[in-house]
Amino acid sequence: MTKQSATATYDAIGERFEAFTDTASQRSVETATFFHMVGDVKGKSVLDLACGFGFFGRELYRQGASKVVGVDISASMIDLARKESARNQEAIEYHVSDICDLGILGKFDLITAAWLFNYADSPAKLDKMFQVAANNLAPGGRVVAYTVEPTFQLQRGNFTKYGVHVLTEEAHEGGFRHHAEFVTQPPSAFTFHRWSRERYELAIMKAGFPRLQWQKPIISDAERAKHPEGYWDDFERNCLQTGLICTL
């Protein structure tokens, strides 16, 4: 996805994406897994890359982060984030920027990146995103990411009932490009890229991270109880999402 098309996609989706995050069943799993990986943020500085309308950054602010800075390519998403933080009197700083063009905003204890790396449309862009993250991280700091599971295959089943309908799967620069829709009214089209674990790990190594850990999505007992038996079987058999932690 080009910079222009990524911007246009999320500017067009706008508040529909916020509605999607409130209704898609995958969201509860995503957030549970994300906060499990993050752990205690009291007194820590956080840079939230691909912050969207600011959901994760605002929650980390409420959990006691000393400083939160959000960055997103979409001016529409940042506008929503700023309005929500102003309404809640949250001292969160926001910037509109392509992550690949981002300079050094500081040396943060934690960088979060929910649904950033899957928008790298080439291996070079993936390398650049991890390098930008490393450049903004304090020694010993961590990147906590949520991204597309490298082993997902459309032929093994779709993700529609969990909130994302995948339309296509095509080979692209050693990985795969997918056209998809968020299950909203009307559907919200977007494009994402899927890279292998090996390609992720190469980018992480090149950026200077000595340690990384993959994290399977966490489906709590309470979440399982909300749905009929077997509801999450397809999710676990052919998952579209995964967590990732990189430590500097």
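Residues numbered from 1 in each chain as written. Predicted model: local features only at pLDDT ≥ 70, side-chain atom pairs only at ≥ 80, totals over all residues. Heavy atoms only, no water.

1. What about the packing of aromatic side chains?
Stated precisely, the cut-off is as follows: Ring pairs shown here join Phe, Tyr and Trp side chains whose ring centres sit within 6.5 Å, with only the six-membered ring taken for Trp; geometry is labelled stacked below 30 degrees between planes, edge-to-face above 60, and tilted in between. Where helices and strands are cited, they refer to DSSP runs of H or I of at least four residues and of E of at least two residues respectively, numbered from the N terminus. Burial classification: accessible surface area is computed with a 1.4 Å probe over protein chains only, and a residue below 20% of its type maximum counts as buried, one above 50% as exposed, and the rest as partly exposed. Note on criteria: charge over ring means Lys NZ or Arg CZ within 6 Å of the ring centre, with the direction from the centre no more than 35 degrees off the ring normal.
Scanning all chains against the criterion turns up 17 aromatic pairs. For the ring pair Y200 and W214, a centre distance of 5.6 Å and an interplane angle of 85° mean the geometry is edge-to-face. On the criterion of sequence distance, the pair formed by Y200 in helix α7 (residues 197-206) and W214 in strand β10 (residues 211-215) is long-range, its members being 14 residues apart. Given a relative accessible area of 0%, Y200 falls into the buried group. An aromatic cluster is present here, built from F159, Y162, Y231, W232 and F235 joined pairwise through their rings. Across the ring face of Y231, the terminal group of K161 is positioned such that the distance to the ring centre comes to 5.1 Å. When the ring centre of W214 is taken as reference, the NZ or CZ atom of R197 above it lies at 4.5 Å.

2. Concerning the nonpolar core
Most often, soluble globular proteins keep nonpolar side chains buried together rather than apart. Selection rule: Grouping buried Ala, Val, Leu, Ile, Met, Phe, Trp, Tyr and Cys residues that are joined through side-chain atoms within 4.5 Å yields what is termed a nonpolar core. Any pair of residues with heavy atoms lying within 4.5 Å of one another is described as a contacting pair.
Counting 38 residues, the largest nonpolar core has F235 and L240 as its most contacted members. Broken down by secondary-structure element, the contributors of at least two residues to this core are α3 (25-38), α4 (55-62), α5 (75-87), β4 (108-114), β5 (137-148), β6 (164-166), β8 (175-182) and β9 (188-194). The leading source of residues in this core is α3, at four residues. What L240 contacts, discounting residues up to four positions off in sequence, is T147, V148, E149, F152, F159, V164, V166 and F192. Of all hydrophobic cores here, the second largest spans 32 residues; its members include A50, I99, C100 and I204.

3. Topic: the UniProt feature "domain: Methyltransferase" (unreviewed entry) in the chain
Using the following cut-off: UniProt positions are given in the numbering used here, feature names are shortened, and annotations may be inferred rather than shown by experiment.
Following the UniProt record, the feature "domain: Methyltransferase" (unreviewed entry) maps to residues 46-141 here. A helix fraction of 35% and a strand fraction of 27% characterise residues 46-141, whose end C-alpha atoms lie 10 Å from each other.

4. A short note on α5
To keep it simple, the criterion reads: By this rule, a helix spans an expected 1.5 Å times one less than how many residues it contains. Our arc is simply the arc of the directions from the helix axis toward the C-beta atoms.
The terminal C-alpha atoms of α5 lie 18 Å apart, and with 13 residues this matches the ideal 18 Å at 1.5 Å per residue to within 8%. Inspection of α5 places M77, I78, L80, A81 and S85 among the buried residues, and these make up the whole buried set. All buried residues of α5 fall inside an arc of 155° around its axis, so they share one side. In this structure, α5 carries K83, A86 and R87 as exposed residues pointing more than 90 degrees from its buried face. With its phi angle positive at about 55°, Q89 sits one or two positions after the end of α5.

5. Concerning the state of the cysteines
The condition that has to hold: Any cysteine sulfur atom paired with another within 2.5 Å is treated as part of a disulfide.
Within this structure, the stated rule accounts for zero disulfides. Not part of a disulfide, C51 finds its nearest cysteine sulfur in C100, a span of 16 Å. Of all cysteine sulfurs in the structure, the one in C246 sits closest to C100, which takes part in no disulfide; the separation is 15 Å.

6. A look at the pairing of β9
The criterion, for reference: A pair of strands is considered paired only if DSSP assigns at least 2 bridges between the two.
Most of β9 sits inside the fold, with six of its seven residues counted as buried. Pairing of β8 with β9, which is carried by seven bridges, proceeds in the antiparallel orientation. Opposite H179, over in β9, you have T191 as the bridge partner. Between β8 and the antiparallel strand that follows it, β9, lie five residues.

7. Describing the sheet that holds β5
To be explicit about the condition: Angles shown run from 0 to 180 degrees and are taken between the N-to-C directions of axes, each axis being a line fitted to C-alpha atoms and, for helices, limited to the stretch in contact.
Spatially, seven strands are ordered β3-β2-β1-β4-β5-β11-β10 in an open sheet, and the strand pairing comes out mixed. The open sheet is flanked by β3 (93-96) and β10, the only strands paired with a single partner. With direction set aside, neighbouring strand axes in the sheet form an average angle of 15°. Here strand β1 (residues 45-49) runs beside strand β2 (residues 67-72); their pairing, made up of five bridges, is parallel. Each residue of the ladder has a partner; that of L49, found in β2, is V71. The strands touched by helix α6 (residues 123-135) within the sheet are β1, β4, β5 and β11 (241-247), with β5 carrying the most contacts at an inclination of about 145°. Along the sheet, α7 makes contact with β5, β10 and β11, crossing β10 at roughly 150°.

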